[in-house]
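# Remarks on the overall topology
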Amino acid sequence: MAARERKGLHRYRRWSQLAFLALFLGLLALTVWPLGNVFLGSFLVADPLVAINSLVNGVLRVEMWLALVVLVAPLFLGRAFCGYVCPMGTLIEWTSTAKRRIGLSESARDVWRRMPTIVLLFVAGLLLFGTGAYLVFDPLTTATRAATTLLFPAIDRTVRLAGDIAYLAPPLRGAVDSVTTALSGRIIYAEPRVYGLALLVLGMLALMLAASLVERRFWCRHLCPLGALFGLVGRGAIRGRVVDAEACISCGKCEQVCPLDAVRDGYRATDTSRCQMCMKCADVCPADAISTAARPRRSLYTPSRRAFLTAGGAGLLAGFFTFTGLSRRTPDRYLVRPPGARDESAFLALCTRCGQCMKVCPSNVLQPSLSKSGIEGLFTPELDYRVGSCDWNCAECGKVCPSSAIRPLELETKRKTVIGRAYIDTARCIPWTDYRTCLVCQELCPIPDKAIVLTEETVSRPEGEPITIKRPHVIEKRCIGCGVCETHCPVPREAAIRVRGRSG
Amino acid sequence: MDRREFCRIALGCTVIGCSGGLAGCARLLDWSSGGSDAGRAVSMSGDTSTATVEATATPQTEPPPDLAVRRGEDPATNVRAAVASLGGMERFVKSGGRVAIKPNVIVGREPEFATTTNPAVVAAVVSMAYEAGAAEVVVFDRPTSDPRTAYSVSGIEAAVNAAGGAMRTLTDRNFERVEIPGGVALTSWPLVTDVFEADTFINMPIAKHHGMAILTMAMKNLMGIMGGERGEIHQEFDQKIVDLATVVRPHLVILDAYRIMVRNGPTGGSLADVETPKTVIAGTSMPSVDAYGATLFGLTAQDLPYLRNAQERGVGVTDLTQLRIDELTT
């Protein structure tokens, strides 16, 4: 059959996806020190799952009206967010081009169709016990995290490599240096960006994409928690896909092309908790029987009491054991959270695991955590002083945090905010144990009064003769835990001065 | 994707990967530098001596002084007067030449804290270089923190850009290992290539206290052109910094002492540690400039072990009585 002319706004769906993807990556690319007045975190603030999590944990922000708009949209537009806006949905759709798929048996499909409900109940269980761990699976945090830890570092390395190659030709060197300086601190960094757990992020992303080998957009259909939330609202859809039952010839083409598996009951009804209003069905319908109108015929899965209790119960159990876990009582001694971070339990409840703080951090010290605060702390930000240290002139992480798990601080306040405390390991410190001069920690300490002081001591060396030497000490009251000392300590592998986390 | 397409992509990736690898090898083997590092270091010191010879050979009624010291309310006026006293910027910058300037931008601090070289002084020198006919003026340091924040907060980036100069953020490719033939404690180290390749290299430190070196001025400022892990430099520092000065000889040294940090150096951060002698010291020898700078802190060259070493090893004269000093309050 010849392609028919398509009518309606859905013709521009691809363009909409492209525009939002570009906007998403563009805003994230601009998320560097120093932040201007543009609000760059719009996507995450518009995320209703993030907003609900924040609200439940007592954080209300003016920008959340955006999330409210997005949340009620499914009443009129179905899950249009998934098909027109979501960068993760776009990525999954555009990579979901396999010609042959594994497919699901009739019974398996019935089970998977219940998944969104189960996912939501599970999320509710976790939410009740104050852990935001499920936000790891939110599509917008996933996309932000993947871009931060994979895409932008890859761009950094690629541009450097191109520069290295161009540098082989001496006439180009001036130009390369100019471009390097112009992009420095924005796209490329004096030390190339590096993030721990990049492979884990990549693996997670790969699984989300590879799930499409089973069914088209498998992740979006059945597993996405944000999609499930939209679905919950979409159940009460006022407007949606309608089929002219008289005209329908029951050819089944609409069911075949539906990306989100929303066609039900002999093609006449719609699962409005899934329909993303892409209208692919209308485009292929040979009888022109499909359109959008008010009061669509809905066909929805309603969980049995048993399913409801099982899923909710599993969520509650998971939440209970995280809540009472060992890591909640004693986080790792070297776990240091960014300046402005709330108390550990509130932090774990609020943090969206999106990694925007890591993107904006100019020194690369903010790194995704693996297990220092237990499994629920996966991908939350921590300071890794082997990579960098908290810059005296920067307080941007709190400004980009979409849930204010890291509260925005004025620069002057941040400079007085204690995030940890440095301790000297005198068994390994050069002047202490090798009787040689070193004062790197003291000279670079940014505190005006110096949190590290040197005392001149005359000591006898093991060989016998006495020596007069300056030795560093940390002044507890002055140290804020920025970690400049640890980053620059010349003792190899493990610094002889290390910052430990504060209490609380 | 069919098999042919896959092969095409695989081949393309291999070619890109190999060219990247080759680029890395080329840098290791140093094909592109047109000579060994040692040769470069020697040619550098050769340049300096010829420049000095030319300058002294020009028929002059009175040879320029060894040090020019200017005091006054305006830092830019001071530095202009000091360089004029040395014979003007034309003595150091040739028409169409490239000029490299190395201020002290150890971390990002506002100029008032006297942690970094006064931006007004740096900007004035950039302008003077252009007035003397320079084709390009580049300014760089290797801060211990993120360079962009350091350049920006210190005010140096804005001042240099306003004067038409170009800030440079240094990456690996700006460094090459340089042999130090006469080195006692330091025999080779990766250094910024621009220092050697530029026609004129101007060292522009600020005078301030330093916990270990006692004072950091021109000689200590050279640590900022060192690549690699600099932490270990602090052992036998007093020899290593002199070793470095045997191969890196700036054509012009300008010590900014408009504001000086008298305690808690080199990073400071408190206005209580800052004094304002409103002085600038210009010369061609780092030890001589540093020897004068020490007097601003009530010290002499004899109090600084690295200056004693420099004098002993013939890197420069530190006895102020042997130097012709042109001092003036503008």
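Residues numbered from 1 in each chain as written. Chains lettered and ligands numbered in written order. Predicted model: local features only at pLDDT ≥ 70, side-chain atom pairs only at ≥ 80, totals over all residues.

Turning to the overall build of chain A, a few remarks are in order. A tally of regular secondary structure across chain A gives 25 helices and ten strands. On the principal axes, the C-alpha backbone points of chain A span a range of 105 × 65 × 40 Å. Per-residue burial for chain A yields a buried fraction of 47% across its 504 residues. Restricting the contact set of chain A to residue pairs at least 6 apart, pairs at least 24 apart contribute 76%. (Helix = DSSP H or I, 4+ residues; strand = E, 2+ residues; numbered from the N terminus. Buried ≥ 20, exposed ≤ 12 C-beta atoms within 10 Å, placed from the backbone. Contact = placed C-beta atoms within 7 Å.)

Secondary structure summary: chain B contains eleven helices and 13 strands in total. Across the 330 residues that make up chain B, the buried fraction comes to 51%. Nonlocal contacts in chain B, meaning residues at least 24 apart in sequence, comprise 74% of its contacts between residues at least 6 apart.

Residue and element names in this part refer to chain A. Within the element layout of this structure, threonine 131 appears in the loop between α9 (115-128) and α10 (139-166). We classify threonine 131 as buried; it has 26 C-beta atoms within 10 Å. As for threonine 131 and phenylalanine 347, which are separated by 216 residues in sequence, their C-alpha atoms are 8.9 Å apart. In this structure, threonine 131 is in contact with Leu126, Gly319, Thr322, Phe323, Leu348, Ala349 and Glu376, ignoring residues within four places of it in sequence.

All names here are of chain B. Judged from the two bridges that link them, strand β8 (residues 206-210) and strand β10 (residues 252-261) form a sheet pairing that is parallel. Bridge assignment links lysine 208 to a residue of β10, and that residue is methionine 261. As paired strands, β8 and strand β9 (residues 214-216) are joined by three bridges and run antiparallel to one another. Counterpart to lysine 208 in the pairing with β9 is threonine 216. The antiparallel pairing of β8 with β9 creates a hairpin that spans three residues between the two strands. (Pairing = 2+ DSSP bridges.)

Taken together, the contact pairs 35 residues of chain B with 39 residues of chain A. Only α1 (3-29), α5 (147-153) and β4 (166-168) of chain B provide two or more residues apiece to the side of chain B that touches chain A. The element contributing the most residues to the side of chain B that touches chain A is α1 of chain B, with five residues. Taken together, the residues that form the side of chain B that touches chain A break down as ten nonpolar, 18 polar and seven charged. (Nonpolar A, V, L, I, M, F, W, Y, C, P; charged D, E, K, R; others polar.)

This part is about the confidence of the model for chain B. Caution is warranted with low-pLDDT regions, since their predicted coordinates should not be read in detail. Residue and element names in this part refer to chain B. Per-residue confidence for chain B averages 88 on the pLDDT scale, and 87% of its residues sit at or above 70. Of the regions scoring below 50 in pLDDT, residues 29-58 engages in 27 contacts with residues more than four places distant in sequence or in other chains. Overall fold confidence for the complex sits at a pTM of 0.89, while the interface term, ipTM, reaches 0.90. (pLDDT = per-residue confidence, 0-100.)

Our focus in this paragraph is the nonpolar core. Core analysis: the largest hydrophobic core is formed by 146 residues, its most contacted members being Val122 and Val125 of chain B. In this structure valine 122 of chain B touches Ile101, Pro103, Thr117, Val139, Ile156, Ala159, Val160 and Met204 of chain B, once residues within four positions along its chain are discounted. (Core = buried A, V, L, I, M, F, W, Y, C linked by C-beta atoms within 7 Å.)

Turning next to helix α14 (residues 225-234) of chain A. All names here are of chain A. Counted residue by residue, α14 has seven buried out of ten residues, so it is predominantly covered. Looking at α14, one finds that the buried residues are Leu226, Gly227, Ala228, Leu229, Phe230, Gly231 and Gly234. Structurally, α14 contributes buried residues whose contacts are with α3 (48-56), α5 (74-77), α6 (80-85), α9, α10 and α13 (218-223).

All names here are of chain B. Between helix α3 (residues 75-85) and helix α4 (residues 119-131), the least distance of the axes is 8 Å, while the angle of their chain directions is 45°. Relative to α4, the element α3 lies oblique. Once α3 is placed against α4, the crossing between them reads as right-handed. Residues Pro75, Ala76, Val79, Arg80 and Val83 of α3 touch α4, and the partners they reach there are Ala120, Val121, Ala124, Val125 and Met128. The residue makeup of the contact of α3 with α4, split by class, is nine nonpolar, no polar and one charged. (Axes fitted to C-alpha atoms, helices over the stretch in contact; angles between N-to-C directions. Parallel < 35°, antiparallel > 145°, perpendicular 65-115°, else oblique. Left-handed = near helix turned anticlockwise from the far one by under 90°.)

Glancing now at the environment of leucine 383 of chain A. Residues and elements named next belong to chain A. If you trace the backbone, leucine 383 turns up in strand β6 (residues 381-383). Given 30 C-beta atoms within 10 Å, leucine 383 falls into the buried group. In this structure, the C-alpha to C-alpha distance between leucine 383 and proline 492, residues 109 residues apart in sequence, is 19 Å. Those residues in contact with leucine 383, other than ones at most four positions away along the chain, are Val336, Pro338, Val365, Leu366, Cys390 and Gly483.

Before going further, it helps to examine the pairing of strand β7 (residues 420-424) of chain A. Residue and element names in this part refer to chain A. Where burial is concerned, the two faces of β7 differ: the one with Gly420, Ala422 and Ile424 is buried and the one with Arg421 and Tyr423 is not. Pairing analysis gives five bridges linking β7 to strand β10 (residues 497-501), with the strands arranged antiparallel. Bridge assignment links alanine 422 to a residue of β10, and that residue is valine 499.

With that out of the way, let us pick up unusual backbone geometry. Of the consecutive residues tryptophan 33 of chain A and proline 34 of chain A, the connecting peptide bond is found in the cis state with omega at -10°. Note that the residue after glycine 265 of chain B, namely proline 266 of chain B, is joined by a cis bond; omega there is 5°. As for its placement among the helices and strands, proline 266 of chain B is situated in the loop between β10 and β11 (274-275). If you check the backbone angles, aspartate 265 of chain A has positive phi at about 50° while not being a glycine. Along the chain, the position of aspartate 265 of chain A falls in the loop between β2 (263-264) and β3 (269-270). Its identity is not glycine, yet tyrosine 267 of chain A carries a phi of approximately 70°, on the positive side. By the element assignment, tyrosine 267 of chain A lies in the loop between β2 and β3.

This brings us to the environment of proline 48 of chain A. Within the secondary structure layout, proline 48 of chain A lies in helix α3. Ignoring anything within four residues of it in the chain, the contact list for proline 48 of chain A reads Ala67, Val70, Leu71 and Leu229 of chain A.

Residues and elements named next belong to chain A. Compared with an ideal rise of 1.5 Å per residue, which puts 19 residues at 27 Å, helix α17 (residues 305-323) spans 26 Å between its outermost C-alpha atoms and is within 8% of the ideal. Among the residues of α17, those classed as buried are Ala311, Gly315, Gly319 and Thr322. Here the buried residues of α17 occupy an arc of 70° about the axis, which is enough to place them on one side. Residues of α17 that are exposed and angled more than 90 degrees away from the buried face: Arg305, Arg306 and Phe321. Of the surrounding elements, those touching the buried residues of α17 are α9. (Expected span 1.5 Å × (residues − 1). Arc of directions from axis to C-beta.)

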